[in-house]
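Now for the letters of each chain:
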Amino acid sequence: MKRWIHWIVLVVVFALGTAFLGWWTVPLVAALCGAIVGRGAWGWAAAAATTAWALLLVENALTGPLTELASTLAGIFGLPGWAVIVLTLAFPAVIAAAAAELASVLRGFAPSRRAASEP
Amino acid sequence: MPRNDIARGILAALVLAAVLHVGARRTGPLPPLGPFLDPANGVWAVVGSAELPEREALALDGLAGPVQVLFDDRGVPHIFAANAEDVARALGFVVARDRLFQLEMHWRSAAGRLSELVGAGALDFDRRMRRLGLAWSAHKDFAALDRESAVARELMAYAEGINAWIDGSSRRDIPLEYRLLGASPSRWEPVYSLYLLKLMGWDLTYGMSTDLQRLAVQALVGSEAAAALAPVNSPIQQPIQPNGRTGPRFDLVPLPPPGLPDPAAAQLASGFDWAAGLGSGDRPPGSEPQALGSNNWAAAPERTAAGYALLAGDPHLRLDLPSIWYEVHLVVPGELDVYGVTIPSVPSVVIGFNRDVAWSLTNTGADVIDYYAEELDDSAAPARYRVDGAWRMLERAIEVYRGQSGGVLATDTLLFTHRGPILQRNDRALSMRWTVLEGSLASAALRDAARSTDVDQFLDAMASFSAPAQNMIVADRSGTIAIRSTGHFPLHPDGSGIAVRDGTTSASDWTGYWPATRYPFARNPDQGYLASANQQPIDPRVDSTYLGANWPSPWRAMRINALLAADSLVTPEAMRRFQTDPGNARADLFLPFFLEAGRQLAERAVTAQELAEAVRLLADWDRLYTRDNERAVLFEYAMDGLVERTWDELLGEWQGDRPARRVFTPSSAVLFNLLHQPESEWWDDRRTAEVENRDEILAASLIAALERARARHGEPEEGGWRWERVRHANIYHRLGIPALSALGLPVRGGPGNLNPSSNWGTHGASWRMVIELGPEVRAWSIYPGGQSGNPISRRYADRIQKWVDGELDLVLFPRAAAELDPARTASILELNPER
């Protein structure tokens, strides 16, 4: 239960960060997540970032013709209609996963360096 | 640390770096994906601005009083304000809301600064535009404008309205195109409105110069032949100013044979191809600009069923999405109540009507550009040019071209003489004098015309309209109809403007402009109607003063005159039908020659069977360009072949691997003239061993047309020959993106029709309007597009199907905001002064 609450908080942070600060908050928040949680954080971060962006897409869909825009963009880039939405959801997933994973690996360095410096 | 952790770390770092790279930077044609895909601030936010809010109240700085803007169910804003400046401010605001990216494209096109927006691919275009000096000229005009004048104040208010929209816009208001380009809107300067008028001036020259074109022809076939192929007077006369005849007059004259090449002309012409409109890429090289141009006509009350004057207009321009036009209704009680189309960038109605007067424009196409061969003091680094034996300083401008990231792409030094910009090629320099670059009062004329209450006031207001010269047709509620070709028409010292002139003497300079009293003009003619379709404005037997040369063939003029002459009780519905009439005067005149030649040669030609079949099929044709017509294609292919075989003498040189292209295509009226010389040397196709005459060329063209039609469209009975499958209108988005364009639209019309279609389908009737000037003015209109520039808006392309079908919408023309039917009010915008 607690894990789910943490995950929902993560989703909210991703969503608010994107809305108010921009897309680049995704790797930052994901890296923070990876640094705190450690190994395995990448999956959590990817799922949370994707969910956050999906919720923001849904919010857009409530204000106008989102599917029309999706098919227009797909036409511009020569992709199938669904591809732009998939790309939009995959982009934060990949970036969050990579950032979280990198942070968690770097986190692994820290104790070993401390250990090496101990007398 | 375990080795696999290190590997995971490296992999994660690489993936992260790659995704951050495509997220933050452009990759090929893709914008930076991070800000682009961001669902809160990126492209997805655009969905929120697709439709207009039902009701909105906003504060707008600078307003003197509240302004009410009611958008009807066609997306047309009806702007009610207390004064003209508030109207202009509100107009700027709503135009920016609907067409912000188009505004950006307009000013950048004229200024030659598209590269900054779309990248280095636009550099050549930018260089051409800057060399023309459009922005240079607009800034001079703006500097000369009295800042306290009404027109200046309105230009500034319009700019403030646009900038207020930009400043107040949210993430959802940034148009899709900016997202695709990774760019942001730039602020609007009042002078940009003048840029647009200059840009229209260039478009309406068709990107051509008669002087340089004739020079290119002279280089190939000598001066006498060149003069005959681009004649000063059209061989078929049905002028705008009626000449007392009910039908056209055929002034057919023998064409001199092709002469010897003229090396001096070749040397002078080479290197200035783009200025001559040759191979500019805007249209097929050497093609006749049949699809460019416009129609307008009016019928006096005695020739209309209802007894009220009727007026129709349909300017033919490049078809774009969003459209060049934006439909508006502007009201200042007691001062202004005008409806029509404006061009985003211009704070006035360009074509339209008010409660008393209606007007429309066609391009006059007069020769308003002259080139002067200049002598410079130093071809490598010129500083002075010689006139009357003395050196004068060149005006110099350093032009820096930048790309999307702000980096310098190129630098040019532009030079200007007192005549205008210099085009330099090696050691040769031509300066260009062009009325569009001279002081223009078009903005003031349009402003005053919108307030006119009768034909005389309209003509007075428009008398100051200098460029681009227009055939202005006007009608009023009292039943008066009139037309006048209006603009600055140069007076040349030698009475002719067809040659490149000697720049070293001031005696070559223009001596002035035609006085307005001499403009081609007609008012309430006996025939009871007036029409213009870019034909030669005045019969040379009435006034032979040089006005221009190489006039478009008068096929559309002949057709509309015939239709109006045949209908003595014309109705608005008939006017609407005329606008897409499938009849064609060109086909009426050329078809008999094909049939006669084919029948004669079918008995003795080696290819008798094919020729007989082609004749049989073409004889079936009703000479109409209806969508289901299955013979028009054969005729058009035969005409293509006829042009290609006849004017082979005008082919230039091979450019590497690229085949030779025709440097100039004489008008089809000149070709019709030549049909009456069956043994002329022009008929011989020099690329063949035989020496052909007219009938052999006609027959060969016909056989080739049948082969081409079969190869491309199958057998004639299979349905592939239907005109709607052959010829299309293609309305491209302004960035040329197919997914945002309307392509392959069926058309009813071909070359020379009142509703013309070009080979590429990129030009056509950009606006159609019919107005009945009864006790209450009634009007109908359509244009191919929609009011919104947002590609996902329902109003982006909602009018296209009606345009294709030749239908018009009855427009709403309320006197007051309360008069607009609430059921037809889509959105209300209240603009209030900032407190």
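Just so it is clear, the model here is predicted, and its values are computed rather than measured.

### Thoughts on the overall build of chain B
When helices and strands are tallied, chain B shows 23 helices and 33 strands. Taken against the 2.2 N^0.38 rule, which gives 28 Å for 835 residues, the C-alpha radius of gyration of chain B at 28 Å falls within 12% of a compact globule. Across the 835 residues that make up chain B, the buried fraction comes to 56%. Considering only contacts within chain B whose residues lie at least 6 apart along the sequence, 71% involve residues at least 24 apart.

### Observations regarding the overall build of chain A
When its secondary structure is counted, chain A shows 5 helices and 0 strands. Here the C-alpha atoms of chain A give a radius of gyration of 17 Å, more than 25% beyond the 14 Å that 2.2 N^0.38 yields for 119 residues. In terms of principal-axis extent, the alpha carbons of chain A reach across some 65 × 30 × 25 Å. The proportion of buried residues among the 119 residues of chain A is 41%. At a minimum sequence separation of 6, the contacts of chain A that also span at least 24 residues come to 69%.

### Remarks on the nonpolar core
Counting 229 residues, the largest nonpolar core has B:Ile79, B:Tyr195 and B:Ala298 as its most contacted members. Residue contributions to this core peak at 16 residues, all from helix α3 (residues 84–111) of chain B. Counting residues in each nonpolar core, the second largest holds 52 residues, with A:Ala41, A:Leu69, A:Ile85 and A:Val105 among its members.

### Looking at the interface of chain A and chain B
By a widespread convention, an interface's size corresponds to the accessible area lost as its parts come together. Taken together, the contact between chain A and chain B spans 34 residues of the former and 33 residues of the latter. Looking at the side of chain A that touches chain B, the elements with two or more residues in it are α1 (2–20), α3 (41–63), α4 (66–77) and α5 (83–117) of chain A. With 14 residues, α5(A) is the largest single contributor of residues to the side of chain A that touches chain B. For the side of chain A that touches chain B, the residue count by class is 22 nonpolar, 10 polar and 2 charged.

### Looking at the sheet that holds strand β19 (residues 428–434) of chain B
Residues and elements named next belong to chain B. What the 4 strands build is an open sheet, ordered β18-β19-β13-β23; its pairing is mixed. One side of each edge strand has no neighbouring strand; the edge strands of this open sheet are β18 (422–425) and β23 (501–502). Sheet topology places β18 next to β19; 4 bridges connect them, and they run antiparallel. Residue pairing for β19: Ile422 is matched across the bridge by Ser431.

### As for the environment of B:Leu650
Residue and element names in this part refer to chain B. Residue placement: Leu650 occurs in the loop between α19 (632–646) and α20 (668–675). For the pair Leu650 and Ser508, spaced 142 residues apart in sequence, the C-alpha to C-alpha distance is 29 Å. Once residues within four sequence positions are removed from consideration, Leu650 is found in contact with Val217, Leu220, Arg662, Val663 and Phe664.

### Some details on the packing of helix α13 (residues 442–449) of chain B against helix α14 (residues 455–462) of chain B
All names here are of chain B. Where α13 meets α14, the closest approach of the two axes is 8 Å, and the angle between their N-to-C directions is 165°. Taken together, the axis directions place α13 and α14 in an arrangement best described as roughly antiparallel. Remark: the crossing between α13 and α14 carries right-handed chirality. Contact residues: Ala445, Asp448 and Ala449 in α13; Phe458, Ala461 and Met462 in α14.

### Digging into the environment of B:Ile324
All names here are of chain B. With respect to the helices, strands and loops of the structure, Ile324 is situated in the loop between β8 (320–321) and β9 (326–332). Sequence separation between Ile324 and Gly407 is 83 residues, and the spatial gap between their C-alpha atoms is 31 Å. If sequence neighbours within four positions are ignored, Ile324 has contacts with Leu317, Ile343 and Ser766.

### A short note on unusual backbone geometry
Residue and element names in this part refer to chain B. Across the junction of Leu321 and Pro322, the peptide omega takes the value -10°, indicating a cis bond. Tracing the backbone through its elements, the reader meets Pro322 in the loop between β8 and β9. In this chain, Ala467 is followed by Pro468 through a cis amide linkage whose omega measures -5°. Although it is not a glycine, Asn524 sits at a positive phi angle of roughly 40°. Structurally, Asn524 can be placed in the loop between β25 (521–523) and β26 (529–532). Its identity as a non-glycine residue notwithstanding, Asn534 has a phi of 70°, on the positive side. You can see Asn534 is positioned in the loop between β26 and α15 (555–566).

### Thoughts on the confidence of the model for chain A
Residue and element names in this part refer to chain A. Averaged over all residues, the pLDDT of chain A equals 87, while 91% of them reach at least 70. Least confident of the elements in chain A is α5, whose mean pLDDT is 82; most confident is α4, at 93. Note that residues 113–119 has pLDDT below 50 and, in this model, 0 contacts with residues that lie over four places away or in other chains.

### Observations concerning the pairing of strand β30 (residues 768–773) of chain B
Residue and element names in this part refer to chain B. In terms of burial, β30 is a largely internal element, 6 of the 6 residues being buried. Bridge count between strand β7 (residues 309–318) and β30: 5 bridges; the pairing is antiparallel. Across the sheet, residue Gly313 finds its bridge partner in β30, namely Met769. Judged from the 6 bridges that link them, β30 and strand β31 (residues 777–782) form a sheet pairing that is antiparallel. The partner of Glu772 across the bridge, within β31, is Arg778. Adjacent in sequence and paired antiparallel, β30 and β31 are bridged by 3 residues.

### Some points on the sheet that holds strand β2 (residues 67–72) of chain B
Residue and element names in this part refer to chain B. Pairing is mixed across the open sheet formed by 11 strands, whose spatial order is β1-β33-β2-β3-β9-β10-β11-β12-β20-β21-β25. In this open sheet, the two edge strands, each paired with only one partner strand, are β1 (55–60) and β25. Adjacent strand axes in the sheet meet at a mean angle of 20°, parallel and antiparallel pairs treated alike. Judged from the 6 bridges that link them, β2 and strand β33 (residues 825–833) form a sheet pairing that is antiparallel. Pairing of Phe71 across the sheet is with Ser827, part of β33. Across the sheet, α3 is in contact with β1, β2, β3 (77–80), β9, β10 (336–342) and β33; its angle to β9 comes to roughly 155°.

### Section: α14(B)
Residue and element names in this part refer to chain B. When we look at burial in α14, the residues that qualify are Val455, Phe458, Leu459 and Met462. Take α14 and look down its axis: the buried residues cluster within an arc of 95°, on one side only. Where α14 is buried, its residues touch β12 (357–363), α13, β20 (470–476) and β21 (481–486).

### Some details on the packing of helix α18 (residues 608–619) of chain B against helix α21 (residues 694–713) of chain B
All names here are of chain B. Where α18 meets α21, the closest approach of the two axes is 9 Å, and the angle between their N-to-C directions is 80°. Here α18 is positioned roughly perpendicular relative to α21, judged by the angle of their axes. Contacts between α18 and α21 involve Glu610, Leu611, Glu613, Ala614 and Leu618 from the first element and Ala699, Leu702, Ile703, Ala705 and Leu706 from the second.

### Re the pairing of strand β15 (residues 390–393) of chain B
Residue and element names in this part refer to chain B. By the bridge criterion, 4 bridges tie strand β14 (residues 384–387) to β15 in an arrangement that is antiparallel. In the sheet register, Tyr385 faces β15, and the bridge partner there is Arg392. As consecutive antiparallel partners, β14 and β15 are separated by 2 residues, and within that stretch Asp388 has a phi angle of approximately 50°, a positive value.

### Digging into the environment of B:Glu596
Tracing the backbone shows B:Glu596 in helix α17 (residues 585–602). Among the residues examined, B:Glu596 registers 13 C-beta atoms within 10 Å and is labelled partly exposed.

### Section: the confidence of the model for chain B
Confidence in the prediction for chain B averages 92 pLDDT; 97% of positions are at 70 or higher. The ipTM value of the predicted complex is 0.92, and its pTM value is 0.93.

What counts, and where the lines are drawn
Residues numbered from 1 in each chain as written. Chains lettered and ligands numbered in written order. Predicted model: local features only at pLDDT ≥ 70, side-chain atom pairs only at ≥ 80, totals over all residues. Helix = DSSP H or I, 4+ residues; strand = E, 2+ residues; numbered from the N terminus. Rg over C-alpha atoms; globule rule 2.2 N^0.38 Å. Buried ≥ 20, exposed ≤ 12 C-beta atoms within 10 Å, placed from the backbone. Contact = placed C-beta atoms within 7 Å. Core = buried A, V, L, I, M, F, W, Y, C linked by C-beta atoms within 7 Å. Nonpolar A, V, L, I, M, F, W, Y, C, P; charged D, E, K, R; others polar. Pairing = 2+ DSSP bridges. Axes fitted to C-alpha atoms, helices over the stretch in contact; angles between N-to-C directions. Parallel < 35°, antiparallel > 145°, perpendicular 65-115°, else oblique. Left-handed = near helix turned anticlockwise from the far one by under 90°. pLDDT = per-residue confidence, 0-100. Arc of directions from axis to C-beta.

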